Amino acid sequence: MTTTALDTALALPSAPGAEWWRSAVIYQIYPRSFADANGDGIGDLPGVTAHLDDLQRLGVDAVWLSPFMTSPQKDAGYDVTDYCDVDPIFGTLADFDDLLAGAHERGIRVIVDLVPNHSSDQHVWFQEALAAAPGSAARARYLFRDGKGEHGELPPNNWDSVFGGPAWTRVTEADGRPGQWYLHLFDASQPDFDWTNTEVRAEFRRVLRFWLDRGVDGFRVDVAHGLMKKAGLPDYVPDIDGGSMGGDASDVPYWGQPEVHDVYREWHRVLAEYDGDRALCAEAWLPSVAQTALWVRPDEMNQAFNFAYLETKWDAAALRAVIDESLTDYAAVGAPSTWVLSNHDVVRHASRLALTADNPQGTGLGPNSPGKPIPEVGLRRARAATAMMLALPGSAYLYQGEELGLPEVIDIPDAARQDPTWFRTNGERYGRDGCRVPIPWVAGAPAYGFNDSGASWLPQPPEWARLARDSQAADAASTLSMYTTLLAERRARDLGEGTLEWIQTPADVLAFRNGSLTVLANLGADPVPAPNGRVIAASGALVDGRVPTDTTVWVETD
Ligand code: GLC
Ligand code: CA
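1. Quick look at the layout of surface pockets
Any empty space left between the atoms is revealed when a probe the size of a water molecule rolls over them.
Part 1: Taken as a whole, the largest pocket holds about 780 Å³ of empty space.
Part 2: Every residue lining the largest pocket is counted, 39 residues in all, and those nearest its centre are Glu311, Thr312, Lys313, Arg352 and Asn359.
Part 3: Listed by contribution, the elements that provide at least two residues to the lining of the largest pocket are helix H8 (289–292) and helix H9 (307–310).
Part 4: Its residues assigned to classes, the lining of the largest pocket shows 18 nonpolar, 12 polar and 9 charged.

2. Side note on the coordination of the calcium ion (ligand 2)
Part 1: Around the calcium ion (ligand 2), the protein supplies Asp36 (OD), Asn38 (OD1), Asp40 (OD), Ile42 (O) and Asp44 (OD) as donor atoms, at distances of 2.3 Å.
Part 2: Read in sequence order, the donor residues for the calcium ion (ligand 2) give the motif D-x1-N-x1-D-x1-I-x1-D.
Part 3: On the accessibility criterion, Asp40 (38% relative accessible area) is partly exposed.

3. Focus: empty space enclosed by the protein
Part 1: This structure, assessed with the given rule, holds 3 cavities of 30 Å³ or more.
Part 2: Of the voids in this model, the largest cavity is the one considered here, and its volume is about 180 Å³.
Part 3: Lining the largest cavity are 20 residues, with Phe163, Phe186, Met245, Asp345 and Arg432 sitting closest to its centre.
Part 4: Considering only residue class, the lining of the largest cavity consists of 6 nonpolar, 7 polar and 7 charged.
Part 5: Of the voids in this model, the second largest cavity is the one considered here, and its volume is about 60 Å³.
Part 6: Around the second largest cavity sit Tyr309, Leu310, Thr312, Lys313, Trp314, Leu319, Leu341, Arg352, Leu353, Ala385 and Met388, which together line it.
Part 7: At the level of elements, H9 and helix H12 (375–389) are the ones that each hand at least two residues to the lining of the second largest cavity.
Part 8: Here the lining of the second largest cavity is built from residues that sort into 8 nonpolar, 1 polar and 2 charged.

4. So, the packing of helix H4 (residues 93–105) against helix H6 (residues 198–214)
Part 1: Relative orientation of the contacting elements H4 and H6 amounts to 55 degrees, with a least axis distance of 11 Å. In terms of orientation, H4 and H6 fall into the oblique class. Packed against H4, whose contacting residues are Leu93, Phe96, Asp97 and Leu100, the element H6 presents Phe210, Trp211 and Arg214 at the interface.
Part 2: Of the residues assigned to the contact of H4 with H6, the class counts are 5 nonpolar, no polar and 2 charged.

5. Some points on the packing of H6 against helix H7 (residues 260–272)
Part 1: Running from N to C, H6 and H7 cross one another at 35 degrees; their axes reach a closest spacing of 10 Å. Classified by chirality, the crossing of H7 by H6 is right-handed. Along the contact surface, H6 presents Arg201, Phe204, Arg205, Leu208, Arg209 and Leu212, while H7 presents Asp262, Val263, Glu266, Trp267, Val270 and Leu271.
Part 2: Of the residues contributing to the contact of H6 with H7, the split by class is 7 nonpolar, no polar and 5 charged.

6. Considerations on the sheet that holds strand E8 (residues 178–183)
Each strand in a sheet pairs with another by means of backbone hydrogen bonds, the pair being arranged parallel or else antiparallel.
Part 1: In spatial order, the strands read E6-E8-E7; together these 3 strands make up an open sheet with antiparallel pairing. Of all strands in the sheet, those with a lone pairing partner are strand E6 (144–145) and strand E7 (168–172), marking the two edges.
Part 2: Here E6 pairs with E8 via 2 bridges, running antiparallel. Looking at the pairing, Arg145 lines up with Trp181 of E8.

Criteria and thresholds
What you see as residue numbers is a count from 1 along each chain, following the sequence as written. Whichever chain is written first becomes A and whichever ligand is written first becomes 1, with later ones labelled in order. In keeping with the model being predicted, local features are shown solely for residues with a pLDDT of at least 70 and side-chain atom pairs are shown and tallied solely at 80 or more, while totals for entire chains, interfaces and linings include all residues. Note: side-chain values were computed over all heavy atoms of the structure, leaving out hydrogens and water. Computed over the protein atoms alone on a 1 Å grid, cavities are sets of points where a 1.4 Å probe fits but cannot get out and pockets are open sets with protein on both sides within 12 Å along at least five of seven lines; a residue lines them when it has an atom within 4 Å of a point. Grid points are joined across faces, edges and corners, and a volume is the space filled by probe spheres set on the points. In this text, helices come from DSSP runs of H or I with a minimum length of four residues, and strands from runs of E with a minimum of two, each type numbered from the N-terminal end. Following the grouping adopted for this structure description, the nonpolar residues are Ala, Val, Leu, Ile, Met, Phe, Trp, Tyr, Cys and Pro, the charged ones are Asp, Glu, Lys and Arg, and the polar ones are all others, Gly among them. Here the term donor refers to an N, O or S atom within 2.8 Å of the metal (or 3.2 Å for Na, K and Ca), and because water is left out of the atoms, sites may appear incomplete. Only protein chains enter the area calculation, which uses a 1.4 Å probe; residues under 20% of their type maximum are buried, those over 50% are exposed, and those in between are partly exposed. Axes here mean lines fitted to C-alpha atoms, for a helix over just the part in contact, with angles spanning 0 to 180 degrees between N-to-C directions. Angles are sorted into four bins: roughly parallel if under 35 degrees, roughly antiparallel if over 145, roughly perpendicular if 65 to 115, and oblique for all others. Should any heavy atoms of two residues lie within 4.5 Å, those residues are counted as being in contact. Left-handed is the label given to a crossing in which the near helix is rotated counterclockwise from the far helix by less than a right angle, and right-handed is the label when the rotation is clockwise. Note on pairing: DSSP must find at least two bridges between two strands before they are called paired.

Below, the structure written as structure tokens:
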């Protein structure tokens, strides 16, 4: 690894309160679907490196890479066997170093995904646990328990897996007899660690240091609300439909247990050993913004995904309420609010915002889903929603492909689906494949330029030719051009570090000022007058100086 001058510049600590993560726009790369350099149909790290110029042109401050560590890929890499190496399908550690150096040269920070709640069942520790006896130190790293019933034939409690079905699987002991059960809040191939175990704690401090030593700027922490389970693992009577990550439910004995905060205080101290401003971002699905803010108290993590915002419907009053709540509750602990509309686990917002039926997280969309969106309505709302989000103070997360206005892919053939949710619910829930389809770069090319071979691990729909990046780059009215403009203006005006001041408006309209910018979003049916001043960006064309339905406008007022 070589250290460049720019590396050094990025490594300088900012003044307290001005750290980069407080206002950054962070672009999520889902490596298997971003760009495929070797043509095997699965995106890889060299593919990312080859497109860093595109990300710089787009104007993002940082990237978050979903997991690329060694994994049998039962849950697309969220099932890790070696936390300190790169899976061969994605490349090598040298490829990672190249990516990191290339990003830093362009002033782009890099955060990596850390998956501490569970490992793969192929992890050497879990294999040791299976070979060892009940009560052994090897089993104590995970959550093995005896079953209930006369012969231990019933699971230890009634918990369900997030992906459907029971959260427990029974093992066969060395003597060939049915034995203990182990907990997996997700797929059976993802056994949960026991985070009261000191070896587990020490191992993850080592993993953090491994990536920090290589120069990463931080971590997105997977299932950050799940590491600790309530002592005694009591039954839980769910008050929600299965499949939720816990965002709607309170008192779940495996989400949001208070002991988890000690883990993050420990990690905070590890990051503090390093130069620059390294950051921890929590993927924590909790019932309220106020609760999520506990994950970003000054001695814990730095950011948490704002899922309350993501889950808010396209409704002016509801959006205003969640924005206010977020700004207040995060400020109360000295943290920035984050904003996010899409990621690899939810229906893309260009489809979600126009759904006409409920669709709990993880359900996904498929040919038989109720309430399918009208694509034009979805795209219009998505553009308006993004234009509103990027003017908010705080840090914003983007998910690859949303800058192209990609919709959820609904018509994936059953035989091509890969999400464990689809299998564990026998097709009752489609799951998350529809937001994970490899993204289009070049309209006329094989696999739309995802690679040269035309292979793609999920089929790309024919209508994506017109959404390809190259056709959008040349079109000033495209979604890509809109994102590029918004990001440049956001940066030039330091909107991420600004403050929000609401402007009185009729119902169905939201308007606020951030510095000299006035933002107006019309969520109502009728056009409304644009604010006075110079229009510097709009999510859709204004009509006679009026802002039509589902449109956001940015106006310079001073
Ligand atoms: C997180 C990830 C999701 C994964 C799950 C289990 O929610 O974002 O993709 O399936 O954790 O690791
Ligand atoms: Ca590849």
